[in-house]
Amino acid sequence: MLLIIGCRIYFQPIKEVCNCETKLHGKVALVTGGNSGIGKETARDLARRGARVIIASRDNKKSEAAVNDIIYTTGNANVLYRHLDLAKVESIRQFAEDFKDEDRLDILVNNSGVGGLKNKCNERNIDVIMQINYFGPVLLTNLLLDKLKKSAPS
Ligand SMILES: *[C@@H]1O[C@H](CO)[C@@H](O)[C@H](O)[C@H]1NC(C)=O
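Cut-offs applied
Residues numbered from 1 in each chain as written. Predicted model: local features only at pLDDT ≥ 70, side-chain atom pairs only at ≥ 80, totals over all residues. Heavy atoms only, no water. Helix = DSSP H or I, 4+ residues; strand = E, 2+ residues; numbered from the N terminus. Contact = heavy atoms within 4.5 Å. Areas by Shrake-Rupley, 256 points an atom, 1.4 Å probe, with all protein chains shown as cover. Lys, Arg positive; Asp, Glu negative; His and termini not counted. Charge placed at Lys NZ, Arg CZ, Asp CG, Glu CD. Expected span 1.5 Å × (residues − 1). Buried < 20%, exposed > 50% of the residue type's maximum accessible area, 1.4 Å probe, protein only. Polar contact = N/O pair within 3.5 Å; in protein donor to acceptor, adjacent residues only side chain to side chain. Pairing = 2+ DSSP bridges. Axes fitted to C-alpha atoms, helices over the stretch in contact; angles between N-to-C directions. Near = heavy atom within 4 Å. Nonpolar A, V, L, I, M, F, W, Y, C, P; charged D, E, K, R; others polar. Phe/Tyr/Trp six-rings, centres within 6.5 Å; stacked < 30°, edge-to-face > 60°.

Asks: It is not clear to me how the overall build of the chain should be interpreted in this structure. Could you clarify?
Replies: Tallying secondary structure elements over the chain gives six helices and four strands in all. Ordering the α and β elements of the chain from the N terminus gives α-β-α-β-α-β-α-β-α-α. Projected onto its principal axes, the C-alpha coordinates of the chain cover approximately 60 × 45 × 30 Å. Look at the contacts in the chain between residues 6 or more apart in sequence, and 68% of them connect residues 24 or more apart. In the structure as shown, the chain presents an accessible area of about 9,800 Å², 56% of it carried by carbon and sulfur atoms. Distance between charge centroids for the chain: 3 Å, based on 23 positive and 18 negative side chains.

Asks: For this particular structure, what's the right way to read helix α2 (residues 37-48)?
Replies: In an α-helix, one full turn covers 3.6 residues, which means residues spaced three or four apart are oriented alike. The end-to-end C-alpha distance of α2 is 17 Å, a good match for the 16 Å that twelve residues give at a rise of 1.5 Å each. For α2, the full list of buried residues reads Gly-39, Lys-40, Ala-43, Arg-44, Asp-45, Leu-46 and Ala-47. Phi turns positive one or two residues past the end of α2, at Gly-50, with a value near 105°.

Asks: I would appreciate a short explanation of the side chain of Ser-57 in the present structure.
Replies: Examined against the element boundaries, Ser-57 turns out to sit in strand β2 (residues 52-57). The buried category is assigned to Ser-57, whose relative accessible area is 5%. At 3.4 Å, the side chain of Ser-57 and the side chain of Asn-35 are in polar contact. In this structure Ser-57 touches Gly-33, Gly-34, Asn-35, Ser-63, Arg-82, His-83 and Leu-84, once residues within four positions along its chain are discounted.

Asks: Would you take a moment to explain the side chain of Asn-35 for this structure?
Replies: When you line up the elements, Asn-35 lands in the loop between β1 (28-32) and α2. Look at Asn-35 and you get buried, because its relative accessible area is 10%. Other than its neighbours up to four places away in sequence, Asn-35 contacts Lys-40, Ile-55, Ser-57, Asp-59, Lys-62, Ser-63 and Ala-66.

Asks: Even after reading the chapter, I still don't get the sheet that holds β2, so can you show me in this structure?
Replies: Hydrogen bonding along the main chain pairs the strands of a sheet, whether they run parallel or antiparallel. Spatially, the four strands line up as an open sheet ordered β3-β2-β1-β4, and their pairing is parallel. With one partner strand each, in any of the chains shown, β3 (79-83) and β4 (107-109) form the two edges of the open sheet. Along the sheet, successive strands turn relative to each other by an average axial angle of 20°, direction set aside. Bridge count between β1 and β2: five bridges; the pairing is parallel. Each bridged residue has a counterpart across the sheet, and for Val-28 the counterpart in β2 is Arg-52.

Asks: Would you mind going over the site of the ligand with me for this structure?
Replies: Close to the ligand lie Leu-108, Asn-110, Tyr-134, Pro-137, Val-138 and Thr-141, which account for all nearby residues. In the environment of the ligand, an oxygen atom lies 2.3 Å from a nitrogen or oxygen atom belonging to the side chain of Asn-110. Taking Thr-141, its side chain carries an N or O atom lying 3.0 Å from a nitrogen atom of the ligand. Here the ligand, which alone exposes 360 Å², has 56% of that area covered by the protein. The biggest single contributor to the shell around the ligand is helix α5 (residues 128-143), with four residues. For the shell around the ligand, the per-class residue count stands at four nonpolar, two polar and no charged.

Asks: What is the right way to read the packing of aromatic side chains from this model?
Replies: We describe a pair of aromatic rings using the distance from one ring centre to the other and the angle between the two ring planes. The final tally for this structure, using the stated rule, is two aromatic pairs. Note on Tyr-134 and Phe-135: the rings are 5.7 Å apart at their centroids and 70° apart in plane angle, and the pair reads as edge-to-face. For Tyr-134, a relative accessible area of 48% puts it in the partly exposed group.

What follows is the structure, given as structure tokens:
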């Protein structure tokens, strides 16, 4: 009996939850890959605390569903998505260009990431895993740096 209970406790999924209640009204948050998994829950928590939340993702349909779900569960209607494909340099540049119509950027969460892709290169002959997990986020951060600095303390 004790062994069974012990096993149950040991194999319980760990449910660590952010309990921060700091309000984020007036703040703008961007979460890459915010349409599923940890990114989506991060976006949900930021929305719950009042931020304007922008999900940046490749899959428009999945992102739309995530936006609707987050709006429904948080009551914060200030949640949207913008298309971003971190594998493509032009997509990142276009995203940053379009992002100019946002007044500010307080929080940037580099959440996107991939694994398990076979050796594949993008249109610039850059390894796609390195592009999505590292070069893409570096470029994105750099292109949004002015906005982040202007929104200090971002
Ligand atoms: C995003 O990730 C890149 C690559 O690791 C890093 O250079 C950049 O500083 C990160 N940006 C933020 C806001 O953490």
